[in-house]
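Residues per chain are reported as follows:
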Amino acid sequence: MPAAGRRRVTRRLRAVAPRSHMEDEDCPDLVPIDVGIVQDSEPGSGRKIPVTIITGYLGAGKTTLLNYILTEQHSKRIAVILNEFGEGSALEKSLAISQGGELYEEWLELRNGCLCCSVKDNGVKAIENLMQKRGKFDYILLETTGLADPGAVASMFWVDSELGSDIYLDGIVSVVDAKHGLQHLTEEKPEGLVNEAARQVALADLIIINKTDLVSGEELNKVRASVRSINGLVKILETQRSRVDLSNVLDLHAFDSLSGISLQKKLENMKTAHAHLDKGIVTVTFEVLGNIKEENLNLFIQNLLWEKNVKDKTGRTMDVIRLKGLVSIQGKSHQVIVQGVHELYDLEETAVAWKEDEKRTNRLVLIGRNLNKEIIKEVFIETVSEKHESS
Ligand SMILES: Nc1nc2c(ncn2[C@@H]2O[C@H](COP(=O)(O)OP(=O)(O)OP(=O)(O)O)[C@@H](O)[C@H]2O)c(=O)[nH]1
Ligand SMILES: [Zn+2]
């Protein structure tokens with residue numbers, strides 16, 4: 001990999017990251033593609049390429065989903081990065097040759113216009129490699145290893161997206177095994193450890209419950225209910241052999257202001273999940289009327305995500321994995337969308353204007369552990385009503 005062109009995440013951060021994240025040595029930075037001159041002369045080349053992260057527990061059907069997409073006729077030019085960790089039915093045509101300890105991915109061009117390669121790592125290097133083939137594809141699908149934390153991978157793209165990178169994070173899709181998913185999701189982990197399967201569901205913008213051929217309707221209902229109790233916001237599809245309408249997977253715009261309108265509908269229709277007493281991941285949602293100051297909102301979010309000083313009744317830290325919301329910021333005529341993944345978050349004005357006769361309001365959804373709706377709402381009200389001197 002060329003050292004030239006490497007850039008640290010240091011300026012123009014849209015997604016706000018605490019310092020600890022920025023200094024995280026485990027977080028490989030993406031190499032921005034050198035398109036400077038070409039960009040202006042070639043029509044459409046300035047368009048950013050969406051990346052969808054495909055996650056899901058070991059053997060759930062991620063590779064099956066990507067193979068399906070690769071072999072379907074769909075007039076889309078999709079670059080697919082398969083994770084070859086599991087044996088599965090990965091396209092064996094693709095090669096990953098180890099040379100001097102470094103992996104070199106070979107990209108295969110398929111008959112339907114798609115590109116494919118398989119990798120052993122988290123796939124970020126494969127994307128760098130792929131970007132040298134710009135113009136040959138319009139979309140990137142990235143399979144992560146079954147035990148990966150998709151939040152870490154997502155954060156990399158998200159932070160990078162405003163740094164002149166040519167890609168942006170479109171959404172996180174999680175494949176859940178209908179047969180074994182319930183067992184994975186409800187498995188108790190020692191205190192302090194996160195259940196990876198549940199985390200993948202918590203972070204997802206779309207859930208595909210796969211292998212429905214292996215379960216009864218009753219079992220399927222249980223898996224669906226378990227998924228829903230973890231993530232009250234996510235869209236759920238059910239499949240066999242991961243056969244899914246591509247339009248449901250691509251272009252979710254889950255991380256940009258375009259998702260504001262669909263988020264609004266979801267928030268309005270959302271029923272608050274029952275308060276679970278267990279240690280599992282849950283979704284809580286609350287609404288507070290009024291107009292808030294941006295700096296106060298920042299303070300609230302940073303206390304929650306960075307300082308982690310919001311505790312539940314028993315003193316346990318509320319651990320927020322995913323945060324979404326639509327809020328009313330003083331001085332802004334449009335609704336503002338809040339997005340958070342782990343410690344990164346971002347505020348962006350949407351295209352939806354507050355109507356004159358409309359009550360301005362703030363709706364927030366949090367997915368994570370040890371969340372207590374009443375306490376969070378109280379802390380929110382306290383924080384946004386405090387008079388913090390603005391400069
Ligand atoms: N019965 C049944 N088997 C399926 C279905 N979808 C996938 N499989 C099988 O399940 C196994 C695992 O599928 P993969 O697509 O490799 O799963 P994966 O999530 O990529 O697995 P890892 O990469 O190892 O984590 C394969 O043998 C598939 O053929 C389905 O809908 N029904
Ligand atoms: Zn796989």
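Look above for the structure.
Every value quoted in this text rests on a predicted model; they were computed, and no experiment measured them.

Visitor: Please explain the overall build of the protein as it appears in this structure.
Guide: What the protein contains, in helices and strands, is eleven helices and 15 strands. Each of the 391 residues in the protein was classed as buried or not, and the buried ones make up 52%. For the protein, the proportion of contacts with a sequence separation of at least 24, taken over those separated by at least 6, is 75%. When the accessible surface of the protein is summed, it comes to about 18,400 Å², and 50% of that surface belongs to carbon and sulfur atoms.

Visitor: Can you walk me through the nonpolar core in this structure?
Guide: Considering soluble globular proteins, one finds that nonpolar side chains tend to be buried as a cluster. Judged by nonpolar contacts, the single largest core of 52 residues is most densely connected at Ile81, Ile127, Ile140, Phe157, Ile207, Ile209 and Val227. Excluding its chain neighbours within four sequence positions, the residues that come into contact with isoleucine 209 are Val176, Ala178, Leu220, Val223, Arg224, Val227, Ile236, Leu237, Glu238 and Thr239. Residues Leu304, Val310, Val320 and Tyr345 belong to the second largest nonpolar core, which totals 26 residues.

Visitor: Mind showing me how you'd approach the packing of aromatic side chains here?
Guide: Where two aromatic rings form a pair, the distance of their centres and the angle of their planes describe that pair. Going through the model one piece at a time under the given rule, you end up with three aromatic pairs. Considering the side-chain rings of tryptophan 306 and tyrosine 345, the 6.0 Å spacing of their centres and the 55° angle between planes classify their relative orientation as tilted. Of the two residues, tryptophan 306 sits in helix α10 (residues 294-307) while tyrosine 345 sits in strand β14 (residues 344-353), which places them 39 residues apart along the sequence. Residue classification places tryptophan 306 among the partly exposed residues on the basis of a relative accessible area of 22%. Among the residues examined, tyrosine 345 registers a relative accessible area of 1% and is labelled buried. Ring pairing ties together the aromatic residues Phe286, Phe300 and Phe380, which thus form one cluster.

Visitor: So what exactly am I meant to see when it comes to the coordination of the zinc ion (ligand 2) here?
Guide: In an ideal octahedron of six donors the angles at the metal are 90 or 180 degrees, and in an ideal tetrahedron of four donors they are 109.5 degrees. Of the protein atoms, only Thr63 (OG1) and Glu143 (OE) coordinate the zinc ion (ligand 2), at distances of 1.9 to 2.2 Å. In this structure, the zinc ion (ligand 2) is surrounded by four donor atoms whose angles at the metal cover 86 to 169°, and the resulting shape is irregular. Of this pair, threonine 63 sits in helix α3 (residues 62-71) while glutamate 143 sits in strand β7 (residues 139-143), and the two are 80 residues apart along the sequence. Glutamate 143 sits in the buried class, given a relative accessible area of 4%.

Visitor: Mind showing me how you'd approach the side chain of asparagine 362 here?
Guide: Position of asparagine 362 relative to the elements: it lies in strand β15 (residues 361-369). Judged by its relative accessible area of 0%, asparagine 362 is buried. A distance of 3.1 Å separates a polar side-chain atom of asparagine 362 from the backbone oxygen of glycine 290. Polar side-chain contacts of asparagine 362 include one of 2.8 Å to the backbone nitrogen of serine 328. Ignoring anything within four residues of it in the chain, the contact list for asparagine 362 reads Phe286, Glu287, Val288, Leu289, Gly290, Ile292, Leu326, Val327, Ser328 and Phe380.

Visitor: Would you mind showing me how to read the site of ligand 1 here?
Guide: Around ligand 1, 17 residues are found, and the nearest of them are Lys62, Thr63, Thr64, Asp213 and Arg241. Arginine 241 has a polar backbone atom sitting 2.4 Å from an oxygen atom of ligand 1. Protein chains shield 82% of the accessible area of ligand 1, which is 650 Å² for the free molecule. Here the shell around ligand 1 takes three residues from α3, the largest share from any one element. When its residues are assigned to classes, the shell around ligand 1 shows four nonpolar, eight polar and five charged.

Visitor: I tried to follow the sheet that holds β15 on my own but got confused; where do I start?
Guide: Two modes of strand pairing occur in sheets, parallel and antiparallel, and in both the strands are linked by backbone hydrogen bonds. Spatial ordering of the open sheet is given by β11-β15-β12-β13-β14, a layout of five strands whose pairing is antiparallel. Looking at which strands have only one partner, the edges of the open sheet turn out to be β11 (281-289) and β14. If you compare each strand with its neighbour and ignore which way they point, the axes differ by 15° on average. Here strand β12 (residues 319-327) pairs with strand β13 (residues 334-341) via six bridges, running antiparallel. In the sheet register, leucine 326 faces β13, and the bridge partner there is isoleucine 337. Sheet strands touched by helix α7 (residues 196-203): β11, β12, β13 and β15. Its angle to β12, the strand with the most contacts, is close to 10°. Along the sheet, helix α8 (residues 217-230) makes contact with β11 and β15, crossing β11 at roughly 45°.

Analysis parameters
- Residues numbered from 1 in each chain as written.
- Chains lettered and ligands numbered in written order.
- Predicted model: local features only at pLDDT ≥ 70, side-chain atom pairs only at ≥ 80, totals over all residues.
- Heavy atoms only, no water.
- Helix = DSSP H or I, 4+ residues; strand = E, 2+ residues; numbered from the N terminus.
- Buried < 20%, exposed > 50% of the residue type's maximum accessible area, 1.4 Å probe, protein only.
- Contact = heavy atoms within 4.5 Å.
- Areas by Shrake-Rupley, 256 points an atom, 1.4 Å probe, with all protein chains shown as cover.
- Core = buried A, V, L, I, M, F, W, Y, C linked by side-chain atoms within 4.5 Å.
- Phe/Tyr/Trp six-rings, centres within 6.5 Å; stacked < 30°, edge-to-face > 60°.
- Donors = N, O, S within 2.8 Å, 3.2 Å for Na, K, Ca; no water.
- Tetrahedral: all angles 85-135°; square planar, octahedral: opposite > 155°, others 65-115°.
- Polar contact = N/O pair within 3.5 Å; in protein donor to acceptor, adjacent residues only side chain to side chain.
- Near = heavy atom within 4 Å.
- Nonpolar A, V, L, I, M, F, W, Y, C, P; charged D, E, K, R; others polar.
- Pairing = 2+ DSSP bridges.
- Axes fitted to C-alpha atoms, helices over the stretch in contact; angles between N-to-C directions.

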